[in-house]
Amino acid sequence: MNKKLYVISGPSGVGKGTVIKKFLDRNPDFMLSVSCTTRLPREGEIDGVNYFFLSKEEFQKCIDEGKFLEWAEFAGNRYGTKKKYINKCLEEGRNIILEIDTKGAIQVKKQMEDAVLIFIAPPSLDALENRLRGRHTEDENAIQKRLKEVKEELERAKNFDYTVINDDLEKAVGELEKIISGERLC
Ligand code: ADP
Ligand code: 5GP
């Protein structure tokens, strides 16, 4: 079977993390790439597991040294995927999922034509805002910054290979599984 890079994007709060977690529980042969970020850890997040939490200076050093496959600024923080990490996983023949923003996804596609871009969309903008607020992980300022990104994220979704609407969670995970198993046969 083909080993590919699957890139999953979508507005903050749409349920990317929730959908991916369910997918990974059911598909243990896939692994999720761990990104670097300058944002502070949320309660319960562990360095090296959820993210590699870097200072602004450390992140800038990685940019200067060309260590990122892609990186982007999102809602006031920087996020990036290390080249070395992805190359190692691909060499080991592992199926990788990247959960990154749409700007990063487009950078990946430019460098790796085979990468499959999947956009997770909300059933409505109201539902998105309710989910983002209901998660209780960001303060009002951070919520506003994240909501401001939504329009552009939806616009960039036009460049994606697939869109999955995360209305019913189970249905969304099923659709993701269908897309990925179809791609694995290509
Ligand atoms: P993201 O990773 O896209 O920022 P999360 O996975 O953290 O989003 O989900 C944001 C919130 O929405 C969480 O509280 C999660 O439980 C909830 N959620 C996710 N999927 C659904 C769904 N299909 N229906 C209702 N709530 C959902
Ligand atoms: P959060 O702060 O909610 O964990 O993530 C905010 C946004 O950053 C999400 O859209 C998430 O997909 C994106 N993100 C996470 N890691 C990366 C990365 O390595 N690169 C890019 N470009 N975006 C990322």
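The notes below deal with the structure included here. Counting restarts for each chain, with residues numbered from 1 along the sequence as it is written. Labels follow written order: the first chain is A, the first ligand is 1, and so on. Under the rules for a predicted model, residues below a pLDDT of 70 receive no local features and side-chain atom pairs below 80 are neither given nor counted, while totals for whole chains, interfaces and linings still include all residues. Values shown for side chains rest on all heavy atoms present in the structure; no hydrogens or waters enter the calculation.

Turning to the environment of Asp167, a few remarks are in order. Helix and strand assignments follow DSSP, with helices taken as H or I runs no shorter than four residues and strands as E runs no shorter than two, numbered in order from the N terminus. Relative to the assigned elements, Asp167 resides in the loop between strand E9 (162–165) and helix H7 (169–184). Exposure is judged per residue with a 1.4 Å probe applied to protein chains only, and the accessible area is read against the type maximum: over 50% gives exposed, under 20% gives buried, and values in between give partly exposed. For Asp167, a relative accessible area of 53% corresponds to the exposed category. Asp167 sits 106 residues away from Lys61 along the chain, and the two C-alpha atoms are 40 Å apart. The contact partners of Asp167, leaving out residues within four places of it in the chain, are Pro123 and Arg131. Whether two residues are in contact is decided by their heavy atoms, any of which lying within 4.5 Å being enough.

Attention now goes to the site of ligand 1. Any residue with a heavy atom positioned within 4 Å of a molecule or strand is treated as near that molecule or strand. Residues in close proximity to ligand 1 total 13 residues, the closest being Gly13, Lys16, Thr18, Arg135 and Asn166. In protein, a polar contact requires one atom able to donate a hydrogen and another able to accept it; more generally it is a pair of N or O atoms within 3.5 Å, and residues adjacent in sequence count only if both atoms are side-chain atoms. One nitrogen or oxygen atom from the main chain of Gly13 is found 2.8 Å from an oxygen atom belonging to ligand 1. One of the backbone nitrogen or oxygen atoms of Lys16 is found 2.8 Å away from an oxygen atom of ligand 1. Starting from 570 Å² of accessible surface for ligand 1 in isolation, the protein chains cover 71%. Just so you know the grouping, Ala, Val, Leu, Ile, Met, Phe, Trp, Tyr, Cys and Pro go in nonpolar, Asp, Glu, Lys and Arg go in charged, and all remaining residues, Gly too, go in polar. A per-class count over the shell around ligand 1 returns 3 nonpolar, 6 polar and 4 charged. Note on areas: Shrake-Rupley with a 1.4 Å probe; residue coverage comes only from the protein chains shown.

Glancing now at the sheet that holds E9. What the 5 strands build is an open sheet, ordered E2-E7-E1-E8-E9; its pairing is parallel. Each edge of the open sheet carries a strand with a single partner, namely strand E2 (30–32) and E9. Averaged over all adjacent pairs, the angle separating strand axes in this sheet is 25 degrees, with direction ignored. Pairing between strands is defined by DSSP: at least two bridges between them are needed. In terms of strand pairing, strand E1 (residues 5–9) meets strand E7 (residues 95–99) through 4 bridges, oriented parallel. Opposite Tyr6, over in E7, you have Ile97 as the bridge partner. Angles run from 0 to 180 degrees between N-to-C directions of axes, and those axes are lines fitted to C-alpha atoms, restricted for helices to the stretch in contact.

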